[in-house]
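# Architecture at a glance
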Amino acid sequence: MSRVTIYTDGACKGNPGPGGWGVYMRYGDSEKDLYGGEGQTTNNRMELQAVIEALRALKRPCQVDFFLDSEYVRKGITEWLSGWKARGWRTASKQAVKNEDLWRLLDDALANSEHSITWHWVKGHSGNPGNDRADALANEGVKLFQAG
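The structure contained in this document is the topic of the report that follows. (Residues numbered from 1 in each chain as written. Predicted model: local features only at pLDDT ≥ 70, side-chain atom pairs only at ≥ 80, totals over all residues. Heavy atoms only, no water.)

### Some points on the environment of Gly127
Tracing the backbone shows Gly127 in the loop between strand 5 (116–121) and helix 4 (129–143). Distance in space between the C-alpha atoms of Gly127 and Asp107 is 30 Å, their sequence separation being 20 residues. (Helix = DSSP H or I, 4+ residues; strand = E, 2+ residues; numbered from the N terminus.)

Dropping the structure here:
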């Protein structure tokens, strides 16, 4: 399997407000940048969308190292998702899972892939080049929807 390194990030100006997602992918000497956004969204939704878009961009099964600065997304995938599903998309406190639509899309993307994924947390805005690039891409996504 090919080994791919992916950095993802989300950004939002206002929360809610115009938002963007960014993906920086690296495979050997090849690099790929992706970004997009929405006019009225939240930072957490953009963080989730970045991971979904990264998975959509993979065309064959890969060993993937995902780096993200969102503990919400990382813990959601690695710790909370199975419990939410077992409880009918409810949290441990019986509340509806926020952003359920995107969590379901992400869950489907993971379930229907043959990727071997390792999830890594990286501190945002700390000088990590891959995270900084994903952050810049997410901010490009915001610009697509900002007035002015």
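What follows continues from the structure just given.
### A closer look at the nonpolar core
Residues Ile6, Val23, Met25, Leu58, Phe66, Trp103 and Leu106 are the most contacted members of the largest nonpolar core, which totals 30 residues. If you list the elements that add at least two residues to this core, you get strand 1 (2–12), strand 2 (17–27), helix 1 (43–57), strand 4 (62–68), helix 2 (71–86) and helix 3 (100–111). The element contributing the most residues to this core is helix 1, with eight residues. If sequence neighbours within four positions are ignored, Ile6 has contacts with Val23, Tyr24, Met25, Ala54, Leu58, Val64, Asp65, Phe66 and Phe67. Core analysis: the next-biggest nonpolar cluster, separate from the first, contains six residues, Tyr24, Phe67, Val122 and Leu137 among them. (Core = buried A, V, L, I, M, F, W, Y, C linked by side-chain atoms within 4.5 Å. Buried < 20%, exposed > 50% of the residue type's maximum accessible area, 1.4 Å probe, protein only. Contact = heavy atoms within 4.5 Å.)

### Let's talk about helix 1
Taking 1.5 Å as the rise per residue, helix 1 with 15 residues should run 21 Å; its terminal C-alpha atoms sit 21 Å apart, in good agreement. Summarising burial for helix 1: 12 of the 15 residues are buried, a large majority. Those residues of helix 1 not exposed but buried are Arg45, Met46, Glu47, Leu48, Gln49, Ala50, Val51, Ile52, Glu53, Ala54, Leu55 and Ala57. (Expected span 1.5 Å × (residues − 1).)

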